[in-house]
Amino acid sequence: TCFGATMEYKRRGYSKDLCLNSFPSEVMSREQIKLYFQQFPEMDGRIVVEMLEYTELNKYKWSDKKDEISHHEMRVSLDDYSTGNNDISAVDFFLPHYVKFDISMISNVHNDEAKQAKIHELVEQFHERGIEVVAEGIETVEELEYLRKKTDIDYLQGFYLAMPA
């Protein structure tokens, strides 16, 4: 999957960092990783590994994965924060560079004071730890305007901004 995603990324002429979804309980072998970077040496330091929320964590495999992530200057993102296994304990365990708020936290945020308070609290907490925050699932102009004007979220993502290519 990583090879195919990278080939499509290159075919489309993308130049920004490549985000790859990853199961926390799975890791490529050292041989596969070596082959990957032999085939795509320009990707070294340009990959964000997004830890998915719906699989169990294997701490031993994560240790191996973490070593490879560090060796190749990859960054870690925690996908869909507030769902599945991706909560504050996952932040403490993975020590991600980015946390992506799930659409359930973003949907109708402009009308929901409880969501607003939670987002402000979490953004402040993550920024204090040097973690950047992504709001996923922006689908209306009202959500976008609230997040842009009333929060310190670092990145905005959603169908309102652009449909997937």
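Everything discussed here concerns the structure shown above.
A quick note: this is a predicted structure, and the numbers were derived from the prediction, not measured. (Residues numbered from 1 in each chain as written. Predicted model: local features only at pLDDT ≥ 70, side-chain atom pairs only at ≥ 80, totals over all residues. Heavy atoms only, no water.)

Structural notes on the environment of His110
Part 1 of the argument: By the secondary structure assignment, His110 is in the loop between helix H5 (103-106) and helix H6 (113-128).
Part 2 of the argument: Residue class for His110 comes out partly exposed when judged on its relative accessible area of 26%.
Part 3 of the argument: For His110 and His71, which are 39 residues apart along the polypeptide, the C-alpha to C-alpha distance reads 41 Å. (Helix = DSSP H or I, 4+ residues; strand = E, 2+ residues; numbered from the N terminus. Buried < 20%, exposed > 50% of the residue type's maximum accessible area, 1.4 Å probe, protein only.)

What to know about the environment of Asp87
Part 1 of the argument: As for its position among the elements, Asp87 is in the loop between strand E3 (75-81) and helix H4 (88-94).
Part 2 of the argument: Taking the C-alpha atoms as reference points, Asp87 and Val99, separated by twelve residues in sequence, lie 9.9 Å from one another.
Part 3 of the argument: With residues near it in sequence (within four places) discarded, Asp87 still touches Leu78 and Tyr81. (Contact = heavy atoms within 4.5 Å.)

Let's talk about the pattern of salt bridges
Part 1 of the argument: If you walk through the whole model with that rule in mind, you get ten salt bridges.
Part 2 of the argument: As a salt-bridge pair, Asp92 and Arg129 come within 2.7 Å of each other at their nearest N and O atoms. Here the residue Asp92 occupies a position in helix H4, and Arg129 occupies one in the loop between H6 and strand E5 (132-135), the gap between them amounting to 37 residues.
Part 3 of the argument: Classification of Arg129 as partly exposed rests on a relative accessible area of 37%.
Part 4 of the argument: Arg148 is the salt-bridge partner of Glu145, the closest N and O atoms lying 3.0 Å from each other. One end of the pair is Glu145 and the other is Arg148, both in helix H7 (residues 141-150) and three residues apart, which spans about a single turn.
Part 5 of the argument: Look at Glu145 and you get partly exposed, because its relative accessible area is 24%. (Salt bridge = Lys/Arg side-chain N within 4 Å of Asp/Glu carboxyl O.)

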